[in-house]
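Observations on the model geometry
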Amino acid sequence: MIEDRLAELGITLPEPAAPVASYVPTVEVGGLLYISGQVSFVDGKLMTGKVGDSRSEEAGILAAQGCGLMLIAQMKKALGSLDRVERIVKLGAFVASTPDFTGQPKVANGASDLMEAVFGDAGKHARSAVGVPVLPLDSTVEIDAIVAVKPA
């Protein structure tokens, strides 16, 4: 069970974040769960700032992990059980960064490595890692996801 794996890893999921604008956190259709972009909450606080400026690459990785935890929390809320996750299909990672910072893939690994740690081979996924000038609420990282799900 995935809940057991979370306990083994010492992971406690945060409360799923409510939308900050006119959208829903998740949509399940055609065997897929689409998860809206989750911003970088770490220890209950929003991590803000740009990687390469006020944030280090290491802080960016932590921010991406925070996004990953929130994605998993949204999965649990939407699906009822994380055991319905068949496969993490794709992550889209957006990293607020300076124009000269090129380590977006390494930052995004914070979430990617978390997915593999929690879901094993089913956590291996396709991914985009993109540098952007600014994110909502000045968040350091925002990540969305597509997840294949088993029927309820």
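Shown above is the structure to which this text applies.
In what follows, the accompanying structure is described. (Residues numbered from 1 in each chain as written. Predicted model: local features only at pLDDT ≥ 70, side-chain atom pairs only at ≥ 80, totals over all residues. Heavy atoms only, no water.)

Details of the environment of Lys77
The condition that has to hold: Elements are defined by DSSP. Helices are runs of H or I of four residues or more, strands are runs of E of two residues or more, and each kind is numbered from the N terminus. Accessibility here uses a 1.4 Å probe with only protein chains present; expressed as a share of the type maximum, an area under 20% marks a residue as buried, one over 50% as exposed, and anything in between as partly exposed.
With respect to the helices, strands and loops of the structure, Lys77 is situated in helix α2 (residues 57-79). The exposure class of Lys77 is exposed, given its relative accessible area of 61%. As a C-alpha pair, Lys77 and Thr26 span 51 residues in sequence and 9.3 Å in three-dimensional space.

Concerning the pattern of salt bridges
Let me state the cut-off plainly: We define a salt bridge as a side-chain nitrogen of Lys or Arg found within 4 Å of a carboxyl oxygen belonging to Asp or Glu.
All chains considered together, the criterion is met by five salt bridges. Residue Lys76 pairs with Glu3 through a salt bridge whose shortest N-O separation is 3.2 Å. With Lys76 in helix α2 and Glu3 in helix α1 (residues 2-8), the pair connects residues that are 73 residues apart, well separated along the chain. Across the salt bridge formed by Lys106 and Glu57, the nearest N and O atoms sit 3.1 Å from each other. Of the two residues, Lys106 sits in helix α3 (residues 104-119) while Glu57 sits in helix α2, which places them 49 residues apart along the sequence.

Describing unusual backbone geometry
In this structure, Asp43 takes a positive phi of about 55° despite not being glycine. By the secondary structure assignment, Asp43 is in the loop between β3 (41-42) and β4 (45-46). Notably, Leu137 is not glycine yet its phi reads approximately 60°, a positive angle. Among the structural elements, Leu137 can be located in the loop between β6 (126-132) and β7 (141-149).

Side note on the environment of Val95
Stated precisely, the cut-off is as follows: Pairs of residues are marked as contacts when any of their non-hydrogen atoms sit within 4.5 Å.
Structurally, Val95 is set in strand β5 (residues 85-96). Take Val95: its relative accessible area is 0%, and that puts it in the buried class. Counting along the chain gives 13 residues from Val95 to Leu82, while the straight-line C-alpha distance between them is 27 Å. In this view, Val95 contacts Val51, Gln104, Val107, Val130, Gly131, Val132, Leu135 and Thr140; residues no more than four positions away in its chain are not counted.

Considerations on the nonpolar core
Rules: Nine residue types can take part in a nonpolar core, namely buried Ala, Val, Leu, Ile, Met, Phe, Trp, Tyr and Cys, and a core is a set of them joined through side-chain atoms within 4.5 Å.
Ile72, Met75, Leu82, Phe119, Ile143 and Val147 are the most contacted members of the largest nonpolar core, which totals 37 residues. For this core, the secondary structure elements donating two or more residues are α1, β2 (32-39), α2, β5, α3 and β7. Among the elements that make up this core, the one with the highest residue count is α2 (10 residues). In this structure Met75 touches Leu33, Ile35, Gly80, Leu82, Val85, Ile88, Met115, Phe119 and Val147, once residues within four positions along its chain are discounted.

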